[in-house]
Structures are given as structure tokens and as C-alpha cells.
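# Per-entry structural report
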Amino acid sequence: MKSFIALALTAAVTAAIVAPASAATPAAGPDTRTTVILVHGAFADAASWNGVIPRLDAKGYRVVAAANPLQGVAGDARVVDGLVAQAPGPVVLVGHSYGGAVISSVQPSPKIQALVYVAAFAPDAGETVLGLTGQFPGSTLPGALDAPVARADGGEDLYIRQEAFHQQFAADLPQAQARLMAVGQRPIAKAALEEALAEPRWKTIPTWAIYGDGDRNIPAQAMEYMAERAGSRGTVVIPGASHVVMTSHPQEVADLVDRAARESARR
């Protein structure tokens, strides 16, 4: 009996080895889907896109949520450049807050089809995030910041005070969710907010924008100004939405990203 079982197993293995190539599972072809690269901003992290990601997945996009270092505009943009280079097909860049300055600073690439600004900065050449924040009245961020944390390189990291985080950053989210975000917030190097942009990509790449008129970090007037200046092909304003509009209104953000991808593909 044991000999019979051994012979049967040997025959099965041999059959699998010599099976014709036509019986094998065909190799997957190249992935030509549009890659959506999501770039978070200061005081947030890649998890802030958690509501947007499954919605883009469902629409068939290849999605990458970048880990933005938050150390400096040009250097952070080089991280995104690497992700663009790795993408197998066309790319849509999506930036939140400071992340908008980062996607504006990437290297030129024929892969990049669209830029989507989500409650984000879209600086022009020579402008800084800090300068744009103070150019229009209404931001309460300066008063919500904690004391700067000294860095080993002599610079400073900035955080939002945990007790101020909910109302300042995420007023339209439940208290418990905002509490988790406050504790896990990523600091930004102060120098990054003071770094001037070089030539912005929104001058040559189609743009779209979405933000809430309840944003306390970036005044709605500032975002309206930047969207119009960048020639936004579609701007969505969500009444009452906070600075983390991608977290509180993920469907609207995903829909706009999808629109940008489809419309830019027809160029």
C-alpha cells in the first residue's frame, strides 16, 4: 500500500512538472493603470487618506500614500519624484496642505497628468507656505502651535497643541478620532514652512482643487485665490469642512481625484 501511494505521488509531481505551458496561469501584463500618489501635509500622516484609498481602489486606480518627510519643500519633492519614476503608467499627484507645495515642486515628468490640491498650498515661485498663510486673514494656526521642539541639527519641529488640535485641525471629526490624530501627529520642520518654492508645476500641469470653508489652518479666501491663480479646472468647496477634508469627506475627494484623472487623460 505504501509503495502504491509513493508511486501515485511521484506520478502527480512528474505530471505537474511536464505540464504544457498552455496549462499554466498566464503571466500578468504590464500595469498601465493610473497611479494616484497621495501626499499628506504637516501634522498629519498617510493614514489621513484612509477613507480615500478604498474609494480609489474601487475605481481601479493604483494608489500610493507617500510618507512625506516634512523636512523641506525641495527635499520632500525628491521623495515624490522617486515614486513618480517607479509608477508604471500615468500619474495623478494629490497634495494636502503643505503637501500641495511638495507636489508643486516635483521634477517635470511626462507621466504626471494632473495635480489635485486638497485644502492645500499652491505657491508661486519665491513664495513660502508661511508667507501665504499670513497673506490672508483668518488662520488661527499660529496661536494653536505648541512650543517648538529643538532638533539635533539646530532646527525646530512644530506641533499643534494636543488640546487645541480638534478645533483647529479637525473640527468636523468626532472628538475621539481627533484625539488619536492629535497624539499621532507628525511634526513639520519650521524651515520647511519658510522655504521658497522654485518654478511651480501647476503652471504646466492641469490642476483641480477641493477645500472646506470651515478650514482654520488655511483661510478659504487664500485657497480660492491659489486655485484660481493655478487655473483650476474644477474647484469644490465643502461647507463647514475642516482642514482635514480628505478625512471628513473622503467621497468628495475621491470623486474629484477620479474626475482629474479621467479629464486629464483626454488631453
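This section reports on the structure supplied with the text. (Residues numbered from 1 in each chain as written. Predicted model: local features only at pLDDT ≥ 70, side-chain atom pairs only at ≥ 80, totals over all residues. Heavy atoms only, no water.)

## As for the overall build of the chain
A count of helical and extended segments in the chain gives 12 helices and 9 strands. The proportion of buried residues among the 267 residues of the chain is 47%. Counted over contacts in the chain with a minimum sequence separation of 6, partners at least 24 positions apart contribute 74%. Of the accessible surface of the chain, which amounts to about 12,200 Å², a share of 58% is contributed by carbon and sulfur atoms. (Helix = DSSP H or I, 4+ residues; strand = E, 2+ residues; numbered from the N terminus. Buried < 20%, exposed > 50% of the residue type's maximum accessible area, 1.4 Å probe, protein only. Contact = heavy atoms within 4.5 Å. Areas by Shrake-Rupley, 256 points an atom, 1.4 Å probe, with all protein chains shown as cover.)

## Topic: the pattern of salt bridges
It is possible for side chains bearing opposite charge to pair when their charged atoms get close. Per the stated rule, a full pass over the model turns up 12 salt bridges. Of the charged contacts in the structure, one is a salt bridge between R78 and D81, with a shortest N-O distance of 2.6 Å. Of this pair, R78 and D81 both sit in helix α3 (residues 73–86), 3 residues apart, which is roughly one turn of the helix. Taking the shortest distance from any N to any O, the salt bridge between D258 and R262 comes out at 3.0 Å. Residue D258 and its partner R262 are located together in helix α12 (residues 250–265), separated by 4 residues, close to a single helical turn. A relative accessible area of 42% means that R262 is categorised as partly exposed. What emerges from the salt-bridge pattern is a single network uniting K59, D255, D258 and R262. (Salt bridge = Lys/Arg side-chain N within 4 Å of Asp/Glu carboxyl O.)

## A closer look at the side chain of S105
Following the sequence through the fold, S105 ends up in the loop between α4 (98–104) and β4 (112–118). Among all residues touching S105, those that are not within four sequence positions of it are V73, A77, R78 and L197.

## Focus on helix α8 (residues 175–183)
Here α8 has its buried residues at A178, M181 and A182. Taken end-on, α8 shows its buried residues confined to a sector of 100 degrees, consistent with a single buried face. With respect to the buried face of α8, the exposed residues turned more than 90 degrees away are A176 and L180. Those residues of α8 that are buried are in contact with α7 (162–169). (Arc of directions from axis to C-beta.)

## Looking at the side chain of D124
Positionally, D124 belongs in the loop between β4 and α5 (129–135). At 3.1 Å, the side chain of D124 forms a polar contact with the side chain of K203. Apart from the residues lying within four places of it in its own chain, the contact partners of D124 are L197, A198, P200, W202, K203 and R229. (Polar contact = N/O pair within 3.5 Å; in protein donor to acceptor, adjacent residues only side chain to side chain.)

## A few points about empty space enclosed by the protein
Considering all chains together, one arrives at 1 cavity of 30 Å³ or more under this definition. In this structure, the largest cavity occupies an estimated 80 Å³ of space. Taken together, 15 residues make up the lining of the largest cavity; nearest its centre are Y117, A120, A209, M223 and A227. Sorting the residues of the lining of the largest cavity by element identifies β8 (207–212) and α10 (220–229) as the ones contributing at least two each. Looking at the lining of the largest cavity element by element, the count peaks at 5 residues for β8. When its residues are assigned to classes, the lining of the largest cavity shows 13 nonpolar, 2 polar and no charged. (1 Å grid on protein atoms, 1.4 Å probe; cavity = no way out; pocket = protein on both sides within 12 Å on 5 of 7 lines; lining within 4 Å. Points joined across faces, edges and corners; volume = space filled by probe spheres on them. Nonpolar A, V, L, I, M, F, W, Y, C, P; charged D, E, K, R; others polar.)

## A short note on the packing of aromatic side chains
Applying the stated rule across the entire model yields 3 aromatic pairs. Ring plane angle 90 degrees and centroid distance 6.2 Å describe the contact between F43 and F169, whose orientation is recorded as edge-to-face. Of the two residues, F43 sits in the loop between β1 (35–39) and α2 (52–58) while F169 sits in helix α7, which places them 126 residues apart along the sequence. The residues F43 and F169 share a single accessibility class, namely buried. Seen in terms of ring centroids, F136 and Y225 are 5.3 Å apart; in terms of plane orientation they differ by 45 degrees. Their pairing is tilted. Of the two residues, F136 is situated in the loop between α5 and α6 (141–144) and Y225 in helix α10; the sequence distance between them amounts to 89 residues. Among the aromatic residues, those joined into a ring-pair cluster are F43, F165 and F169. (Phe/Tyr/Trp six-rings, centres within 6.5 Å; stacked < 30°, edge-to-face > 60°.)

## Focus on the sheet that holds strand β6 (residues 156–158)
With antiparallel pairing, the 3 strands of this open sheet are ordered in space as β5-β6-β7. Whereas interior strands pair on both sides, the edge strands pair on one side only; in this sheet they are β5 (149–150) and β7 (188–189). Pairing of β5 with β6, which is carried by 2 bridges, proceeds in the antiparallel orientation. Among the inter-strand pairings, A150 is bridged to a residue of β6, identified as E156. (Pairing = 2+ DSSP bridges.)

## Structural notes on the environment of T207
By the secondary structure assignment, T207 is in strand β8. Overall, the relative accessible area of 2% leaves T207 in the buried class. For the pair T207 and A227, spaced 20 residues apart in sequence, the C-alpha to C-alpha distance is 8.1 Å. Among residues more than four places away in sequence, those in contact with T207 are L115, Y117, W202, A230, G231, S232, R233 and G234.

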